[in-house]
Amino acid sequence: MRKLFGSRLLQVAVLTCLMVIMLGASGATDPAARFNKLGHEMICTCSCGQILMECNHVGCPVSGPMIEELRNQMLVSGSTNTSILNWFAAKYGATVLASPIRGGFDNVAWIAPLLVFFLATIGTAVVVRVWKMRSTSTPLTASASSHPADQALRDRIRRETEY
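Everything numeric in this text was worked out from a predicted model, so none of it was measured.

Caption draft 1: How the structure looks around the side chain of Q73. With respect to the helices and strands, the residue Q73 is situated in helix 3 (residues 63-75). Discounting residues that sit within four places of it in the chain, Q73 has contacts with S79, I84, W87 and F88.

Right, here's the structure in full:
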């Protein structure tokens, strides 16, 4: 039984590794897949706000030339996906990118929202814990409630709030 479980676990691990390798290999060598991937990482600059490869703006004067520029940039030898996206960002501005490029200062755009959410959650938990400890650590004393000025104030509040 143990041997069967071990061999089955090994088979699953090998199959998983092959699947990951094949997924990575298919996008890296296929130019059409790379072109499609890069086209989906950019936004058409005709102010339609759509992904470049899916711009269905009738008579769009921008998407056709941008797609042609993408083809030309892919033909440049040694061009990586990041260099192509950087070229488009330099030409059209950072708004051409559908998502920030990973690396450098752009990592802040990915990390900052998660970090703020995480810190806000921790801060809220700390504040609630402090409030809870403060309310349980300072119980009302009998002498404070029996002070004549407090009792007079309570009576006045009660009279003024009664219907």
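Caption draft 2: Structural view of the packing of helix 2 (residues 31-39) against helix 3. At a closest axis distance of 11 Å, the pairing of helix 2 and helix 3 adopts a crossing angle of 130°. Relative to helix 3, the element helix 2 is oriented oblique. Here helix 2 runs over helix 3; the crossing is right-handed. On the side of helix 2, the interface is formed by P31, R34, F35, L38 and G39, while helix 3 contributes I67, L70, R71 and M74. Among the residues forming the contact of helix 2 with helix 3, the class breakdown is six nonpolar, one polar and two charged.

Caption draft 3: Representation of the environment of S99 within the structure. The residue S99 is located in the loop between helix 4 (81-92) and helix 5 (107-137) in this model. Taking the relative accessible area as the measure of exposure, S99 reaches 33% and is therefore partly exposed. Sequence spacing of S99 and W110 is 11 residues, and the spatial spacing of their C-alpha atoms is 9.3 Å. Those residues within four positions of S99 in sequence are excluded, and the remaining contacts are E41 and W110.

Caption draft 4: Here's a closer look at the packing of aromatic side chains. Counted according to the given criterion, the structure contains two aromatic pairs. Residues W87 and F88 carry aromatic rings whose centres are separated by 5.1 Å and whose planes lie at 85° to one another, so their mutual orientation is edge-to-face. An angle of 15° between the planes, with centres 6.0 Å apart, marks the rings of F88 and Y92 as stacked. Remark: Y92 and F88 occur in helix 4; sequence separation between them is four residues, near one turn of the helix. Cluster of aromatic residues (ring-pair linked, three or more members): W87, F88 and Y92.

Caption draft 5: Representation of the state of the cysteines. This structure, assessed with the given rule, holds zero disulfides. Among the cysteines around C44, which has no disulfide bond, C46 carries the closest sulfur, lying 3.4 Å off. What makes C44 buried here is its relative accessible area of 3%. No disulfide involves C55; its nearest neighbouring cysteine sulfur is the one of C48, lying 3.6 Å away.

Caption draft 6: Representation of the pattern of salt bridges. Throughout the structure, instances matching the rule amount to five salt bridges. For E69, the salt bridge identified is with K91, shortest N-O distance 2.3 Å. Placement of E69 in helix 3 and of K91 in helix 4 is noted, with a sequence separation of 22 residues between them. Between E160 and R156 there is a salt bridge, and its shortest N-O distance comes to 3.1 Å. Pair noted here: E160 and R156 are both in helix 7 (residues 148-161), with a separation of four residues, about one helical turn. A relative accessible area of 57% means that E160 is categorised as exposed. The class of R156 is partly exposed, set by a relative accessible area of 45%.

Definitions and limits used
Residues numbered from 1 in each chain as written. Predicted model: local features only at pLDDT ≥ 70, side-chain atom pairs only at ≥ 80, totals over all residues. Heavy atoms only, no water. Helix = DSSP H or I, 4+ residues; strand = E, 2+ residues; numbered from the N terminus. Contact = heavy atoms within 4.5 Å. Axes fitted to C-alpha atoms, helices over the stretch in contact; angles between N-to-C directions. Parallel < 35°, antiparallel > 145°, perpendicular 65-115°, else oblique. Left-handed = near helix turned anticlockwise from the far one by under 90°. Nonpolar A, V, L, I, M, F, W, Y, C, P; charged D, E, K, R; others polar. Buried < 20%, exposed > 50% of the residue type's maximum accessible area, 1.4 Å probe, protein only. Phe/Tyr/Trp six-rings, centres within 6.5 Å; stacked < 30°, edge-to-face > 60°. Disulfide = S-S within 2.5 Å. Salt bridge = Lys/Arg side-chain N within 4 Å of Asp/Glu carboxyl O.

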